[in-house]
Protein chains: 4
Amino acid sequence: MDFRGYSNVDLRRKALEKELRVKLSHIGNYSFDAKLASTKNCENMIGAVQIPLGVAGPLKLKSGELPVRNYYIPLATTEGALVASVNRGCKAICESNGANVYSYRVGATRGPVFYTGNLKNERKLYKWVKVNEDKIKKIAEKTSKHLKFKKLKFAGLGNYAFIRFSFDTGDAMGMNMATIAAQAITELIEKETGIKSLSLAGNYDVDKKASWMNFINHRGIKAWAEVVLSEKILKEILKIDSEKLFDVWLAKCMIGSAMSGSLGFNAHFANVIAAFYIATGQDPAHVVEGSLGITTMKVMPDKSLYTSVYLPSLMLGIIGGGTGLSTQKEAINLLKLDKKRSVLELAEVVAGSVLAGEISLLSSLAENSLVKAHKKFGRGENL
Amino acid sequence: MDFRGYSNVDLRRKALEKELRVKLSHIGNYSFDAKLASTKNCENMIGAVQIPLGVAGPLKLKSGELPVRNYYIPLATTEGALVASVNRGCKAICESNGANVYSYRVGATRGPVFYTGNLKNERKLYKWVKVNEDKIKKIAEKTSKHLKFKKLKFAGLGNYAFIRFSFDTGDAMGMNMATIAAQAITELIEKETGIKSLSLAGNYDVDKKASWMNFINHRGIKAWAEVVLSEKILKEILKIDSEKLFDVWLAKCMIGSAMSGSLGFNAHFANVIAAFYIATGQDPAHVVEGSLGITTMKVMPDKSLYTSVYLPSLMLGIIGGGTGLSTQKEAINLLKLDKKRSVLELAEVVAGSVLAGEISLLSSLAENSLVKAHKKFGRGENL
Amino acid sequence: MDFRGYSNVDLRRKALEKELRVKLSHIGNYSFDAKLASTKNCENMIGAVQIPLGVAGPLKLKSGELPVRNYYIPLATTEGALVASVNRGCKAICESNGANVYSYRVGATRGPVFYTGNLKNERKLYKWVKVNEDKIKKIAEKTSKHLKFKKLKFAGLGNYAFIRFSFDTGDAMGMNMATIAAQAITELIEKETGIKSLSLAGNYDVDKKASWMNFINHRGIKAWAEVVLSEKILKEILKIDSEKLFDVWLAKCMIGSAMSGSLGFNAHFANVIAAFYIATGQDPAHVVEGSLGITTMKVMPDKSLYTSVYLPSLMLGIIGGGTGLSTQKEAINLLKLDKKRSVLELAEVVAGSVLAGEISLLSSLAENSLVKAHKKFGRGENL
Amino acid sequence: MDFRGYSNVDLRRKALEKELRVKLSHIGNYSFDAKLASTKNCENMIGAVQIPLGVAGPLKLKSGELPVRNYYIPLATTEGALVASVNRGCKAICESNGANVYSYRVGATRGPVFYTGNLKNERKLYKWVKVNEDKIKKIAEKTSKHLKFKKLKFAGLGNYAFIRFSFDTGDAMGMNMATIAAQAITELIEKETGIKSLSLAGNYDVDKKASWMNFINHRGIKAWAEVVLSEKILKEILKIDSEKLFDVWLAKCMIGSAMSGSLGFNAHFANVIAAFYIATGQDPAHVVEGSLGITTMKVMPDKSLYTSVYLPSLMLGIIGGGTGLSTQKEAINLLKLDKKRSVLELAEVVAGSVLAGEISLLSSLAENSLVKAHKKFGRGENL
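All of these numbers come straight from a predicted model, not from anything done at the bench.

Analysis parameters
- Residues numbered from 1 in each chain as written.
- Chains lettered and ligands numbered in written order.
- Predicted model: local features only at pLDDT ≥ 70, side-chain atom pairs only at ≥ 80, totals over all residues.
- Heavy atoms only, no water.
- Helix = DSSP H or I, 4+ residues; strand = E, 2+ residues; numbered from the N terminus.
- Rg over C-alpha atoms; globule rule 2.2 N^0.38 Å.
- Buried < 20%, exposed > 50% of the residue type's maximum accessible area, 1.4 Å probe, protein only.
- Contact = heavy atoms within 4.5 Å.
- Areas by Shrake-Rupley, 256 points an atom, 1.4 Å probe, with all protein chains shown as cover.
- Lys, Arg positive; Asp, Glu negative; His and termini not counted.
- Charge placed at Lys NZ, Arg CZ, Asp CG, Glu CD.
- Least-squares fit on C-alpha atoms with pLDDT ≥ 70 in both.
- Expected span 1.5 Å × (residues − 1).
- Pairing = 2+ DSSP bridges.
- Domains from an automatic or database assignment.
- Salt bridge = Lys/Arg side-chain N within 4 Å of Asp/Glu carboxyl O.
- Nonpolar A, V, L, I, M, F, W, Y, C, P; charged D, E, K, R; others polar.
- Phe/Tyr/Trp six-rings, centres within 6.5 Å; stacked < 30°, edge-to-face > 60°.
- Lys NZ or Arg CZ within 6 Å of the ring centre and 35° of its normal.
- Buried area = accessible area lost by both parts, 1.4 Å probe.
- Polar contact = N/O pair within 3.5 Å; in protein donor to acceptor, adjacent residues only side chain to side chain.
- pLDDT = per-residue confidence, 0-100.
- Axes fitted to C-alpha atoms, helices over the stretch in contact; angles between N-to-C directions.
- Parallel < 35°, antiparallel > 145°, perpendicular 65-115°, else oblique.

**A word on the overall build of chain A**
- Scanning chain A for helices and strands turns up 14 helices and 11 strands.
- In terms of C-alpha radius of gyration, chain A reaches 23 Å, essentially the compact-globule figure of 21 Å for 383 residues.
- Overall size of chain A, expressed as C-alpha extent along the three principal axes, is 65 × 60 × 40 Å.
- With 383 residues in all, chain A has 71% of them scored as buried.
- The contacts in chain A between residues at least 6 apart in sequence include a share of 73% that link residues at least 24 apart.
- Surface accessibility of chain A: about 11,500 Å² in total, with carbon and sulfur atoms responsible for 51%.
- Computing the positive centroid from 53 side-chain charges and the negative centroid from 36, chain A places the two 3 Å apart.

The following block contains the structure:
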């Protein structure tokens, strides 16, 4: 069957049910605007998948730029124990008077690969780009009033040259805006230098691949969160002491990650990032770079534990993509973000949530209660 | 508020609505068994998030172990143009008489880090493990009748030792089973050697981190897909010729990925993997290792194009986790998997779908129509 | 025995001979100024090791900034077949009218890790550094009249902050200069911010480790070389055709390197770099980052082959370190470097030599004559 | 000039002196057998480069398989302060009653890439290899009586397949032996399967590139060393306490290395490896993989410091390559290796020396005396 022959979601689903002799009645149960979604979010739409949504929190965060706030964290997940784990971390953070969070916008990146043919042209292109950054900025910013050009990184070798443009894309995650701006710049460069691009996206950007580029030079928004957990909170809420927790962190997140050639020096950033991204309508393929990062710990002289998370590459938005869908919009509303800080605040909530997740899982591992927790939260039945 | 005080999903959601003065009516619209889901999949549940579900296909696959089959591919996504792109790739594959697919089960991995204290104990532990692999197998397999022990990898340094156990977990993705089995083995080792584990999961496993371990030594299921696209199909369906497509692949997926220190030598595995995983109830945090891999291309003497994808680390299941939820179960049913091959067949469908996505996106990039496609499929409005 | 009790090299060696009852007469045969060397290059000196020195060339290079030049390449090696292989590559380059070379000084890098204690201090440090770059430049440049401050890269996480300073160190490789400048800057920062450094070198610099930092953001001098080999030269000198050579390059240097998680997408940069570094008195531990890089190839319409090498991280000098020793100085003199370009020219000679080595080895592999060559050049006897 | 026209080293050097109007008299001063060296080690030979040779030690090592031994460590280096630094580490180790060392032979690796053309052939090749491992072993071992086949690792994707063979090459580093054996196996495979290899070395081996393959799956010989330094020794010899040293290690070797995407989680393995390899006639390009590895530290309850090094990839020999040259042979003789353990003992000495280097440099950094040390040992003059 050719799906494009069907004028709406329900007809298409029904045709598929008939062709395959299957029931898709749950998939047919959705409440967003199907016409809009099938235009903007998903072609050949036949309905929707439902992902259970849980809430962790309150999570107390101090951003330095906003009053102290409590957040309820929306997490869409099918993996039992995750919400409970983050929730426990939130409690430990709350009772520690909150976590400090911070964020910095690096910018959405996109950029082409050019076929220069030889080093002489590569040098010519490099010089043109260096001299004409203002022109590049101007043409990029003409493509959208919401986009600002931030910077570029150039790399040439042999018969190729790569450029990585960084853009401030405001409240949007911005890959579409960035792509359109990159296209305009690329056309300008082609016209003025005569050197042709091979592809508007050259994997030097680099989008949705685990990469050291994004780890080292960052992408989207960088975010940090930290908290000091007192000996009492460690004992009462997390059933652990700081030294044991530190030992597990060092052995697992540092040495274990080094031994396995990992780009994640952490316990489970990806779990929290994935659940948060799906809940709030982010692009879930950005979990790949979003889950890069490092957890740190230090035992303080009073046996309290300093712990922090660092996330170098969060691609986030509150408009565009999946954020406009009805359930996702409601999930974002739960956060009651400040209008002025919006995406940066969102990134800080992500960092705080990831911190909560790290504290809790590492404590479970140190205390050797992981299996117990999973059994309690029902995953045992799967066996 | 303390979410655990509420006995059911609706009361909990309503309390949150009241506390935060927000409306969560769409989130309250779901059709799965809330009681079961809130026990097995998600704590503090307040409802569900809806992700638009599209279908690409038919996708014609030849696995060598099954008759040639056409599949309809369920993709849950909020990113416009993705389903259309995969669909175009499916068409090119179909008209090329289908893609060859293959898969191999490496096994779900889990494993502890031990604190040996010194090299002497590390050697002692190593020797015990080498000699007692049968014992390890036996105790692991006692934990579940669905689990088979496959192998282990041991690494010690200084005062630590890491083990990575691999298990065949049948129709389940298997991380819970693997964790429980690893726990049993670890307790046995502790008892027999007197050497204690620090953490049941030591990041040498390694779960949900981008890592060279999983790229090089694999995890879950490895899968491959390949197709030869004739000159005619390239021109008519993909609007491109083989040499141009090859040039883009080489510049982007090989050289661009090398230049950015990527573990993904491909165009956009992560997009297809994420949409497929969410649609079929897989753990979306496994997109991190699932999106590792390499696309290859070669121009043949008759100007046709050989192209393939290689996915070394797919963590997949058809029971357990999110696969039992009503919409996800319907999405899996769309695939009409053979009972006997089940998860391996699922992995092959993933590989075929990823191949379709690679063919289509790389063609768009080579033909310079990416922006056009995104505008057509409605993402332009977001700007 | 305590070596420091001996006032000169010969007494020390003789004492060791006596203590261990061994003969070290060859080690005692050296011709450099022992007093100077034992002060500047090597403590507890007992003599010297002799490394056979061969010469490859002439190698014809066009740098764009200098007249076309022929170079004789000094290579100190104990591995038979290497000089012969580079020599064959030089011949192919010469008969192709020379290779184009280019270089760019990124700067020697060094930098501390600070213990900030928390994110607030990390932000404070970051702001101080951003605002006071002029002050940093001034204090750095006071430490040596040969050093220029170029830029810095800052990264903070949790309770740590890292800075990577880049310096132009003129004709010297410059790690000592860079270290002393970094020390001065670090003391200034400590004084003005009250935040203490933990270590003057924080592995974010990063020195003598294979790292993506140096691959992506470069270190020392970046260099490139390229040549187009005609069908005739390929056939007559390299016994191969362009398509076969390209196929081997793609399979080995691109796909093979991706499959093994390599930072070297090349055939054997390290061999040439090591031999050249030892011959010319460079620090041989810098082979680690010096051997990073990518070889590219492309078959041209006339069946000629475009090939290039890219070396992102060459740490080189013509004064300081081992360059002042008598044999090393003679080896550098062989190159007859232009006084004005000096180290940049040296980097370009390295790039050209590495290109010669790549062309030749990849041809041997493609033609399947590697074993033959090694047997011919005498390594077979070792078996 | 064509170097091959000259029948001996001195004539060749003189011709070059004349052509370039330079003096190469120091290069002409060597004492090894020029005829042999120019056949086995270096083509186009014109003489030798002299590298200052220092000695550190005694270094007390306990291998568990041999009586406790003191070693004098030969280090060929041009970088002032290195020998002194290792020497200080040796002293700290000696006074701590020696370091425990251990080693394990993984085997020299070499292996081809095949062009399979498609997945069907790739499967065919895989099956042939699995079934015929005995045959492979037999043909490999026919090529040299010193070589034993150990294992193989196979990886196929798309139209390529890679194999990595591991061989025990006895007292030789063994790359030549391994290459010849790999050639024989490859010819057998080609004959029996009809599938052709593209290159005898496919970068899946992987030789002389920094790679996660060699880090994770090892190469040559793996080696470990550990020592516990008492509070007194730390204070008196290293001028530091265990907590400060630990803090520097954690910040630099763990977190700093993670932040820079390094494959070396250590302070300066490469310095010691390079100096030792050059002194003892190893292939200096093997510094690339030899310098991979991890240093660990742990503060013990009595304020002593446990510290260890782990080196996963040492390619070492005591016959073949540069080990037969007169000065290198004398340097090896210094070690008075046990005939039976030979290369394993050599690897353990490397590990112990590297440990000494780590202890000393990290102490200098922690105590902030690096610049002082470098100035004292004369490098300051270079500024």
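Don't stop here, the text continues.
**Description of the relation of the copies chain C and chain D**
- For the pair chain C and chain D, the best superposition has an RMSD of 0.0 Å and corresponds to a rotation of 180° with a translation of 0.0 Å parallel to the axis. With respect to symmetry, the two chain copies, as superposed, fit the operation of a two-fold axis.
- In this assembly, 100% of the residues forming the interface of chain C have copies in chain D that are likewise at the interface, indicating an isologous arrangement.

**Brief notes about helix α9 (residues 242-259) of chain C**
Residues and elements named next belong to chain C.
- Over its 18 residues, α9 runs 24 Å from end to end, which matches the ideal 26 Å to within 8%, given 1.5 Å per residue.
- Where burial is concerned, most of α9 is hidden: 15 out of the 18 residues are buried.
- Just downstream of α9 lies Gly261, where phi reads positive at about 60°.

**Digging into the pairing of strand β8 (residues 220-229) of chain B**
All names here are of chain B.
- Of all 10 residues that make up β8, nine are buried, and the element is covered over most of its length.
- Here strand β3 (residues 99-110) pairs with β8 via seven bridges, running antiparallel. Considered in β8, the bridge of Tyr102 is made with Trp224.
- Where β8 lies against strand β11 (residues 305-314), eight bridges are found, and the strand directions are antiparallel. Bridged to Ile221 within β11 is Leu314.

**As for the relation of the copies chain B and chain A**
- Superposing chain B onto chain A takes a rotation of 180° combined with a translation of 0.0 Å along the rotation axis, leaving an RMSD of 0.0 Å.
- When you check the interface residues of chain B against chain A, 100% turn up at the interface there too, and the contact is symmetric in its surfaces.

**Things to note about the domain arrangement of chain A**
Residue and element names in this part refer to chain A.
- Its domain assignment divides chain A into domain 1 (15-105 + 211-378) and domain 2 (112-199).
- Look at where the C-alpha atoms of domain 1 and domain 2 centre, and you get two points 33 Å apart.
- At the junction of the two partners, domain 1 supplies 15 residues and domain 2 supplies 10 residues.
- Across the contact surface, domain 1 and domain 2 share one salt bridge.
- Ionic pairing is found between Arg105 and Asp168, a salt bridge with its closest N-O pair at 3.3 Å.
- Sort the elements by how many residues they give to the side of domain 1 that touches domain 2 and helix α7 (residues 212-217) lands first, with three residues.
- Among the residues forming the side of domain 1 that touches domain 2, the class breakdown is six nonpolar, six polar and three charged.

**Quick notes on the packing of aromatic side chains**
- Scanning the entire structure with this criterion turns up 48 aromatic pairs over all chains.
- Ring centres 6.1 Å apart and planes at 55° place the aromatic pair Phe246(B) and Phe246(C) in the tilted group. Of this pair, Phe246(B) sits in helix α9 (residues 242-259) while Phe246(C) sits in helix α9, each in a different chain. There is no split in this pair, since Phe246(B) and Phe246(C) are both buried.
- Ring geometry for Phe246(D) versus Trp249(D): centroids 5.4 Å apart, planes at 50°, classification tilted. Of the two residues, Phe246(D) and Trp249(D) are both situated in helix α9 (residues 242-259); the distance of three residues between them amounts to about one turn of the helix. The two residues Phe246(D) and Trp249(D) agree in class, both being buried.
- Ring pairing ties together the aromatic residues Phe246(A), Trp249(A), Phe246(D) and Trp249(D), which thus form one cluster.
- The ring of Trp224(C) has Arg123(A) lying over it, and the distance from NZ or CZ to the ring centre is 4.8 Å.

**Examining the interface of chain C and chain D**
- Counting residues at the interface gives 131 residues for chain C, matched by 131 residues for chain D.
- Each partner contributes to the roughly 11,000 Å² buried at the junction of chain C and chain D, and carbon and sulfur atoms together form 61% of this total.
- Remark: the boundary between chain C and chain D carries zero salt bridges.
- The dominant element in the side of chain C that touches chain D, judged by the number of residues it contributes, is strand β1 (residues 45-62) of chain C, at 14 residues.
- Among the residues making up the side of chain C that touches chain D, the classes are represented as 69 nonpolar, 46 polar and 16 charged.
- Here β1(C) runs beside strand β1 (residues 45-62) of chain D; their pairing, made up of nine bridges, is antiparallel. Following the sheet pairing, Ile51(C) is matched in β1(D) by Val49(D).

**Quick word on the interface of chain B and chain A**
- Contact with chain B, which involves 131 residues of that partner, is made by 132 residues of chain A.
- Interface of chain B and chain A: buried area, both sides summed, is about 11,000 Å²; carbon and sulfur atoms make up 61% of it.
- Scanning the region where chain B abuts chain A turns up 64 residue pairs in polar contact (both at pLDDT 80 or more).
- It is strand β1 (residues 45-62) of chain B that provides the largest number of residues to the side of chain B that touches chain A, a total of 14 residues.

**Some details on the confidence of the model for chain A**
Residue and element names in this part refer to chain A.
- The predicted model of chain A has a mean per-residue pLDDT of 95, with 97% of residues at 70 or higher.
- Across residues 379-383 the pLDDT falls below 50, and counting only partners more than four positions away or on other chains, this stretch makes 17 contacts in the model.
- Per the prediction output, this complex has pTM 0.97; the corresponding ipTM is 0.97.

**Some details on unusual backbone geometry**
- Note the cis peptide between Asp205(A) and Val206(A), where omega equals -5°.
- Considering the arrangement of structural elements, one finds Val206(A) in the loop between β7 (196-199) and α7.
- Of note, the bond from Gly57(D) into Pro58(D) is cis; its omega dihedral lies within 30 degrees of zero at 5°.
- Topologically, Pro58(D) is positioned in strand β1.
- Despite not being glycine, His218(A) shows a phi value in the positive range, around 70°.
- Considering the arrangement of structural elements, one finds His218(A) in the loop between α7 and β8 (220-229).
- You will see that Lys208(D), though not glycine, has its phi angle at about 65°, which is positive.
- Position of Lys208(D) among the secondary structure elements: in the loop between β7 (196-199) and α7 (212-217).
- Given the relative accessible area of 9%, Lys208(D) is considered buried.

**So, the packing of α9(D) against helix α13 (residues 342-367) of chain D**
Residue and element names in this part refer to chain D.
- Contact geometry for α9 and α13: axes closest at 9 Å, N-to-C directions at 100°. Comparing the axis directions of α9 and α13 gives the class roughly perpendicular. Together, Lys244, Leu245, Val248, Trp249, Lys252 and Cys253 of α9 and Leu362, Ser363, Leu365 and Ala366 of α13 make up the contact between the two elements.
- Here the residues of the contact of α9 with α13 are counted per class, giving seven nonpolar, one polar and two charged.

**What to know about the side chain of Asn44(D)**
- The residue Asn44(D) is located in the loop between α2 (34-40) and β1 in this model.
- Of note is the side chain of Asn44(D), whose polar atom sits 2.8 Å from the backbone oxygen of Val55(C).

**What to know about the side chain of Thr109(D)**
Residue and element names in this part refer to chain D.
- Along the chain, Thr109 turns up in strand β3 (residues 99-110).
- The exposure class assigned to Thr109 is buried, which follows from its relative accessible area of 0%.
- One polar contact links Thr109 to Arg219, side chain to side chain, over a distance of 2.6 Å.
- The contacts of Thr109, once residues within four sequence positions are left out, are Arg164, Phe165, Ser166, Met175, Asp205, Val206 and Arg219.

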